[in-house]
Number of protein chains: 2
Amino acid sequence: MEWLACYRTVLAAAGRDELDYPKVAGLPLLRDSLAGYLGRVRGVRSSVETVMVTAGFAQGLSLLCEALPRFGIRKLAIEDPGHNNQRRFIEECGMRTVPVPLDGEGVDVDRLAATGARAVLVTPAHQFPTGITMSPARRQALVRWAQDVDGLIIEDDYDGEFWFDQSHRPSSLQELAPDQVIYAGTASKALVPGLRLGWLAVPPHLSALLSKVRSRHDLGSDGITQRAFSELITSGMLDRHLRRVRSRYRSRREAFTQAVELHLPCAGIVGSSAGLHAYLQLPADIEESPLVEAALRRSVLVHGGKRYQFTPGERPPALVVGYSTLPLAGIAESMFAIRDAVDEQRAARGRFATGGPVAHRRAGQRKAVHSRS
Amino acid sequence: MEWLACYRTVLAAAGRDELDYPKVAGLPLLRDSLAGYLGRVRGVRSSVETVMVTAGFAQGLSLLCEALPRFGIRKLAIEDPGHNNQRRFIEECGMRTVPVPLDGEGVDVDRLAATGARAVLVTPAHQFPTGITMSPARRQALVRWAQDVDGLIIEDDYDGEFWFDQSHRPSSLQELAPDQVIYAGTASKALVPGLRLGWLAVPPHLSALLSKVRSRHDLGSDGITQRAFSELITSGMLDRHLRRVRSRYRSRREAFTQAVELHLPCAGIVGSSAGLHAYLQLPADIEESPLVEAALRRSVLVHGGKRYQFTPGERPPALVVGYSTLPLAGIAESMFAIRDAVDEQRAARGRFATGGPVAHRRAGQRKAVHSRS
């Protein structure tokens, strides 16, 4: 992990004054670097005053759940399908959640409006788990909704840095409406989750309130990691690191796409070529749970799409596959194993098989990446 | 800051697996090192299961304020005089506070019992701000009180590592009653506040609840700093660092004691020779606030004792002096400046003066250290 070199620079320069109590909202040094970086890379409109450093996205969300009730907002709309652990987290933080279905362009704004909610959490760049990118028209509609209800949009941009076709990368939603959108990002995917480093770019009127709320949780984030991350940005090391990682993930994504076309032509990849996972839509006759179990017996860890549906039965069967940690050579093998499992399921029901004989394969334990914050 | 070397060891060895999502309660590696260290140095009885890593003492206290109401505890008794910022913090976290006066042995347990509170926050090693060390008899009485009311004691041991007379260092209160005492420590004084690193050793029955509460605040502390701190403990580097710092602070404390005897014989240092501040009791005729202002005009930053009194008028006038950041050479000068200010005050009232002519001195801006968490 070459990027850890940024710590060496910081350690060589750090003195007692640099490591005194940090500001609760983060070191101005890092907030300034982040404002510049997010503007350049994601079109985010922010400044040192409106950027807040958090202990990962989880803390950002926890602070928001505590702050929103001050505006009379006690109900947070979420995307359906969406992240079930995140939903539980939000509810444990005392906020009610209302799932709102998606169509091919993103969250359904009419159905959102019908819920009466005044805040929504969305993943516009690369929806989790479907991989759908919110269309420009839908973005406009969503922002209009927020303006109409005097509401807020939380944009979780966790996958925004992993876009494989740079020419078509959508910008942030925040760029359209910095007074309505709270932009949230994290170092968990770009670097590692263990830093517990995230950031918010918030509408100016929320800034002081969020610092106040945070000062009841803790007194700020680790100063060494904050300085190291600022160094990572300003030295250009983060850009270089992301180019390398993106290139690696792009190869995996391509291998994955080819493997699906070759071994699992009955399935279709939904969404954009981005991020660290893919949503694989299956034929309607396939039962998800036995397929997930059969894949696991073949050492392939995938999740069923139902796991992420808050309103069951609304969507065709699907698999969510994290390919970022799969060895490149294992991707084709994994899709072949899933095809085996599909065949087995159909054969057991006396239906036609899609391929050759069912052969059990051994492969190292594989791990899909879905957990995040 | 030589101790930063511990990061280099960690950076050389850190891989992706080491920097995955940490456990909410802290890396077992560090919790294990802390349990060993706290047992050896402060007599704390704990284990990897009962130690929790926090983002400083502030987060620990925030989590406790959220957890205690589960046991029907909504009122936290605090020492009077005590830390006013901490009191505000506790109340902002939703817990009521009840100040309980001290006598020369520590918090008054009869008056504590009379409040009806079932939890108390104390600083037994070196009370803040008076510097009083809780006597063995008072410790026993306090533990009996906690057992009688089925209550909890929070032991804030922030100064426990800065005891200048090693042969008489009191052990932790937690050692007496690990089922009633929540022990809290921090790296803020031993190293720097900027790491935002603290720890709790909690009664076993609180362990799971505190992790649960924390998982609604954030998902754990920075993994690099956790590993670095574990390395600092296990390599012996922390012990060496503390010996050096202790020796430096001991010199300052001695210089301070001598300066008070020489220049300010009308004042008396209260409490034990420990920690990073001293409580200087003044003659009854001295008015605190004008003295603090006069000292400030002479570039000496001290706080008045009233600042820390929740029940005004219970104690004689006093100054709280943080000597840890004063340059050694400036300590005598500072006490001389305060004597000047005392003389000036008495002269203005037509009383006798204690010394020679009043001379205004210039010295670099001095900063007392009281802020903590």
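Treat the numbers as computed from the prediction; the structure is a model and nothing was measured.

Trainee: When you look at the domain arrangement of chain A in this model, what are you seeing that I'm missing?
Mentor: Frequently, the measure chosen for interface size is the accessible area that the parts lose on association. Residue and element names in this part refer to chain A. The domain architecture assigned to chain A consists of domain 1 (2-235) and domain 2 (242-347). Roughly 2,400 Å² of surface becomes buried between domain 1 and domain 2 when both sides are summed, with 60% attributable to carbon and sulfur atoms. Among the residues domain 1 hides against domain 2, the three largest losses belong to P129, F162 and F164. Together they make up 29% of the total. Linking domain 1 to domain 2 there are one salt bridge.

Trainee: So what exactly am I meant to see when it comes to the sheet that holds strand β8 (residues 198-201) of chain A here?
Mentor: Backbone hydrogen bonds are what pair the strands of a sheet, in a parallel or an antiparallel way. Residue and element names in this part refer to chain A. If you walk across this open sheet you meet the eight strands as β1-β8-β7-β6-β5-β2-β3-β4, and the pairing is mixed. Both outer strands of the open sheet, β1 (51-54) and β4 (106-107), are each paired with one neighbouring strand and no more. Across four bridges, strand β7 (residues 181-186) lies against β8 in antiparallel orientation. Directly across from A184, in β8, lies its bridge partner L200. Its contacts with the sheet place helix α3 (residues 56-67) against β1, β5 (119-122), β6 (152-156), β7 and β8, and it is angled at close to 115° to β1.

Trainee: Help me understand the nonpolar core in this model?
Mentor: It is characteristic of soluble globular proteins that their nonpolar side chains tend to be buried jointly. With 128 residues, the main nonpolar core has Y7(A), F229(A), I338(A), Y7(B) and F229(B) as its most contacted residues. Look past the residues within four positions of F229(A) in its chain and what remains in contact with it is L30(A), L34(A), A187(A), L191(A), L197(A), W199(A) and L238(A).

Trainee: Just to check I follow, could you spell out the sheet that holds strand β9 (residues 268-270) of chain A for this structure?
Mentor: Residue and element names in this part refer to chain A. Taken in spatial order, the four strands make up an open sheet running β9-β10-β12-β11, and their pairing is antiparallel. Strands with a single pairing partner mark the edges of an open sheet, and in this sheet they are β9 and β11 (303-304). Pairing analysis gives three bridges linking β9 to strand β10 (residues 277-281), with the strands arranged antiparallel. Looking across to β10, one finds that V270 is bridged to Y279.

Trainee: Before we go on, may I ask you to explain the relation of the copies chain B and chain A in this structure?
Mentor: What connects the two chain copies is a rotation about an axis and a shift along it. Laying chain B over chain A is done by rotating through 180° and shifting 0.0 Å along the axis; what remains is an RMSD of 0.0 Å. Taken together, these values place the two copies in the relation of a two-fold axis. Taken as a fraction of all interface residues of chain B, those also at the interface in chain A reach 100%, which identifies the copy contact as same-surface.

Trainee: Please clarify how the pattern of salt bridges should be interpreted in this entry.
Mentor: Where charged atoms of side chains with opposite charge meet at close range, the side chains can pair. All names here are of chain A. Applying the stated criterion across every chain yields a total of 27 salt bridges over all chains. Across the pair R298 and D340 runs a salt bridge whose closest N-O atoms are separated by 3.8 Å. Linking R298 in the loop between α11 (288-297) and β11 with D340 in helix α12 (residues 328-348), this pair joins segments that are 42 residues apart in sequence. Residue classification places D340 among the buried residues on the basis of a relative accessible area of 1%. With a shortest N-O distance of 3.6 Å, E344 and R298 are connected by a salt bridge. Linking E344 in helix α12 with R298 in the loop between α11 and β11, this pair joins segments that are 46 residues apart in sequence. Of the residues examined, E344 reaches a relative accessible area of 27% and is grouped as partly exposed. In this structure R298 comes out as buried when scored by relative accessible area, which is 2%.

Trainee: Sorry, what's going on with the environment of E105(B) here?
Mentor: Residue and element names in this part refer to chain B. Mapped onto the elements, E105 comes out in the loop between β3 (96-103) and β4 (106-107). Taking relative accessible area as the criterion, E105 reaches 35% and is therefore assigned partly exposed. It is 45 Å that separates the C-alpha atoms of E105 and R8, two residues lying 97 residues apart in sequence. Contacts of E105, omitting those with residues within four sequence positions, involve I132, T133, M134, S135, A137 and R138. Of the polar contacts made by the side chain of E105, one reaches the side chain of S135; its length is 2.5 Å.

Trainee: Looking at this structure, I do not really get the interface of chain B and chain A. What am I missing?
Mentor: Counting residues at the interface gives 44 residues for chain B, matched by 44 residues for chain A. Carbon and sulfur atoms make up 57% of the area that chain B and chain A hide from each other, which totals about 3,700 Å². A salt bridge links K212(B) to E92(A); the shortest N-O distance between them is 2.9 Å. Taken together, chain B and chain A are joined by 15 residue pairs in polar contact (both at pLDDT 80 or more). Those elements that provide at least two residues to the side of chain B that touches chain A are α1 (5-13), α3 (56-67), α4 (84-92), α7 (187-190) and α9 (223-234) of chain B.

Trainee: Help me understand the packing of helix α2 (residues 28-42) of chain A against helix α9 (residues 223-234) of chain A, please; the structure alone is not making it clear to me.
Mentor: Axis angle and axis distance: for two packed helices, these are the angle between their axes and the distance between the axes, and together they describe the pair. Residue and element names in this part refer to chain A. Direction vectors running N to C along α2 and α9 enclose 35°, while the axes themselves pass 9 Å from each other. Where α2 crosses over α9, the two elements pack in a sense that is left-handed. Seen from α2, the contacting residues are L29, L30, S33, L34 and Y37; seen from α9, they are Q226, R227, F229, S230, I233 and T234.

Trainee: How do you make sense of the side chain of H217(A) when you look at a structure like this?
Mentor: Mapped onto the secondary structure, H217(A) falls in the loop between α8 (207-214) and α9. Only 2.6 Å separates the side chain of H217(A) from the side chain of E66(A), close enough to count as a polar contact.

Trainee: Please explain the packing of aromatic side chains as it appears in this structure.
Mentor: Two aromatic rings, taken as a pair, are described by how far apart their centres are and by the angle between their planes. Considering all chains together, one arrives at ten aromatic pairs over all chains under this definition. When the ring of F128(A) is compared with that of Y158(A), the centres are 6.3 Å apart and the planes differ by 75°; the resulting orientation is edge-to-face. Placement of the pair is F128(A) in the loop between β5 and α6 (136-149) and Y158(A) in the loop between β6 and β7, with a sequence separation of 30 residues. The buried category is assigned to F128(A), whose relative accessible area is 3%. Centre to centre, the rings of F128(B) and Y308(B) are 5.4 Å apart; their planes meet at 90°, and the pair counts as edge-to-face. Note that F128(B) is positioned in the loop between β5 (119-122) and α6 (136-149) and Y308(B) in the loop between β11 (303-304) and β12 (318-322), a separation of 180 residues in sequence. Since its relative accessible area comes to 1%, Y308(B) is described here as buried. Taken together through their ring pairs, the aromatic side chains of F128(A), Y158(A) and Y308(A) make up a single cluster.

So, how was this worked out
- Residues numbered from 1 in each chain as written.
- Chains lettered and ligands numbered in written order.
- Predicted model: local features only at pLDDT ≥ 70, side-chain atom pairs only at ≥ 80, totals over all residues.
- Heavy atoms only, no water.
- Domains from an automatic or database assignment.
- Buried area = accessible area lost by both parts, 1.4 Å probe.
- Salt bridge = Lys/Arg side-chain N within 4 Å of Asp/Glu carboxyl O.
- Pairing = 2+ DSSP bridges.
- Helix = DSSP H or I, 4+ residues; strand = E, 2+ residues; numbered from the N terminus.
- Contact = heavy atoms within 4.5 Å.
- Axes fitted to C-alpha atoms, helices over the stretch in contact; angles between N-to-C directions.
- Core = buried A, V, L, I, M, F, W, Y, C linked by side-chain atoms within 4.5 Å.
- Buried < 20%, exposed > 50% of the residue type's maximum accessible area, 1.4 Å probe, protein only.
- Least-squares fit on C-alpha atoms with pLDDT ≥ 70 in both.
- Polar contact = N/O pair within 3.5 Å; in protein donor to acceptor, adjacent residues only side chain to side chain.
- Left-handed = near helix turned anticlockwise from the far one by under 90°.
- Phe/Tyr/Trp six-rings, centres within 6.5 Å; stacked < 30°, edge-to-face > 60°.

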